[in-house]
Amino acid sequence: MGVLFKQYLSGDKIYTCSQCKTHCTDHGQLISKAFQGRHGRAYLFSDVVNVTLGPREDRMLITGLHTVCDCYCITCNSVLGWKYEVAYEESQKYKEGKFILEKAKVQKEGSW
């Protein structure tokens, strides 16, 4: 097994993996809090770090059919959410390339 390289984020509002506290993204990447995940509320982010992506799969979500990849914490391998690869409906194209992190799977660190 190789050396694990993690990116550490600076700033006072960081979202981390709730299991192992690995940095995932900062508040500046947040696009919306009005999303639904598998385990309740979820957040849409423009970018995340310290994740690996699973295989692409078509998934029927509330807003229609999307091709997504689950994203996993690189440290503890917990499923944190997913990445939108393809949105088939024109009104949903803004999600492509963006990430959902489930509120139940991340926590806030810093001075909120």
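Residues numbered from 1 in each chain as written. Predicted model: local features only at pLDDT ≥ 70, side-chain atom pairs only at ≥ 80, totals over all residues. Heavy atoms only, no water.

Whenever I open this one, the overall build of the protein confuses me. Can you help?
Across its full length, the protein carries zero helices and nine strands. Ordering the α and β elements of the protein from the N terminus gives β-β-β-β-β-β-β-β-β. Taking 112 residues into account, the globule formula puts the C-alpha radius of gyration at 13 Å, and the protein, at 14 Å, falls close to it. Across its three principal axes, the protein shows a C-alpha extent of roughly 35 × 35 × 20 Å. The buried share of the protein, reckoned over its 112 residues, is 40%. When contacts within the protein are restricted to residue pairs at least 6 apart in sequence, long-range pairs at least 24 apart make up 47% of them. Looking at the protein as shown, the accessible area adds up to about 6,200 Å², and 50% of this sits on carbon and sulfur atoms. (Helix = DSSP H or I, 4+ residues; strand = E, 2+ residues; numbered from the N terminus. Rg over C-alpha atoms; globule rule 2.2 N^0.38 Å. Buried < 20%, exposed > 50% of the residue type's maximum accessible area, 1.4 Å probe, protein only. Contact = heavy atoms within 4.5 Å. Areas by Shrake-Rupley, 256 points an atom, 1.4 Å probe, with all protein chains shown as cover.)

It is not clear to me how the side chain of asparagine 50 should be interpreted in this structure. Could you clarify?
Summarising the element assignment, asparagine 50 is placed in the loop between β4 (40-45) and β5 (51-61). For asparagine 50, a relative accessible area of 9% gives the class buried. The contact partners of asparagine 50, leaving out residues within four places of it in the chain, are Phe5, Lys6, Gln7, Thr22, His23, Tyr72, Cys73 and Ile74.

Is there a simple way to explain the pattern of salt bridges in this structure?
When the charged atoms of two side chains lie near each other, side chains of opposite charge can form a pair. Counting across every chain of the model gives six salt bridges. Among the salt bridges present, the one from arginine 38 reaches aspartate 70, with a minimum N-O distance of 3.2 Å. Remark: aspartate 70 occurs in strand β6 (residues 64-73) and arginine 38 occurs in the loop between β3 (30-37) and β4; sequence separation between them is 32 residues. Given a relative accessible area of 46%, arginine 38 falls into the partly exposed group. The exposure class assigned to aspartate 70 is buried, which follows from its relative accessible area of 11%. For glutamate 85, the salt bridge is made with lysine 83, and the minimal N-O distance between the two is 3.9 Å. Given a relative accessible area of 21%, glutamate 85 falls into the partly exposed group. Residue class for lysine 83 comes out buried when judged on its relative accessible area of 18%. One salt-bridge network, in which partners are shared between bridges, spans Arg38, Glu57, Arg59 and Asp70. (Salt bridge = Lys/Arg side-chain N within 4 Å of Asp/Glu carboxyl O.)

Just checking my understanding: could you explain the UniProt feature "domain: Yippee" (unreviewed entry) in the protein for this structure?
Following the UniProt record, the feature "domain: Yippee" (unreviewed entry) maps to residues 13-110 here. Strand forms 63% of residues 13-110 and helix 0%; the C-alpha atoms that close the span are 5 Å apart. (UniProt positions renumbered as here; feature names shortened; annotations may be inferred.)

For this particular structure, what's the right way to read the packing of aromatic side chains?
The relative placement of two aromatic rings is captured by the distance of their centres and the angle of their planes. Taken as a whole and assessed by the stated rule, the structure comprises four aromatic pairs. Every member of this aromatic cluster is reached through a ring pair, and the members are Tyr15, Tyr43 and Phe45. (Phe/Tyr/Trp six-rings, centres within 6.5 Å; stacked < 30°, edge-to-face > 60°.)

Even after reading the chapter, I still don't get the sheet that holds strand β9 (residues 106-110), so can you show me in this structure?
Note: strands within a sheet are paired through backbone hydrogen bonds, in either parallel or antiparallel orientation. The strand order across the open sheet built from three strands is β2-β1-β9, with neighbouring strands paired in antiparallel fashion. Since the sheet does not close on itself, it has two edges, and those belong to β2 (23-26) and β9, each with one partner. If you compare each strand with its neighbour and ignore which way they point, the axes differ by 35° on average. Inspection of the sheet shows strand β1 (residues 13-17) paired to β9 by five bridges, in the antiparallel sense. Pairing of tyrosine 15 across the sheet is with lysine 108, part of β9. (Pairing = 2+ DSSP bridges. Axes fitted to C-alpha atoms, helices over the stretch in contact; angles between N-to-C directions.)

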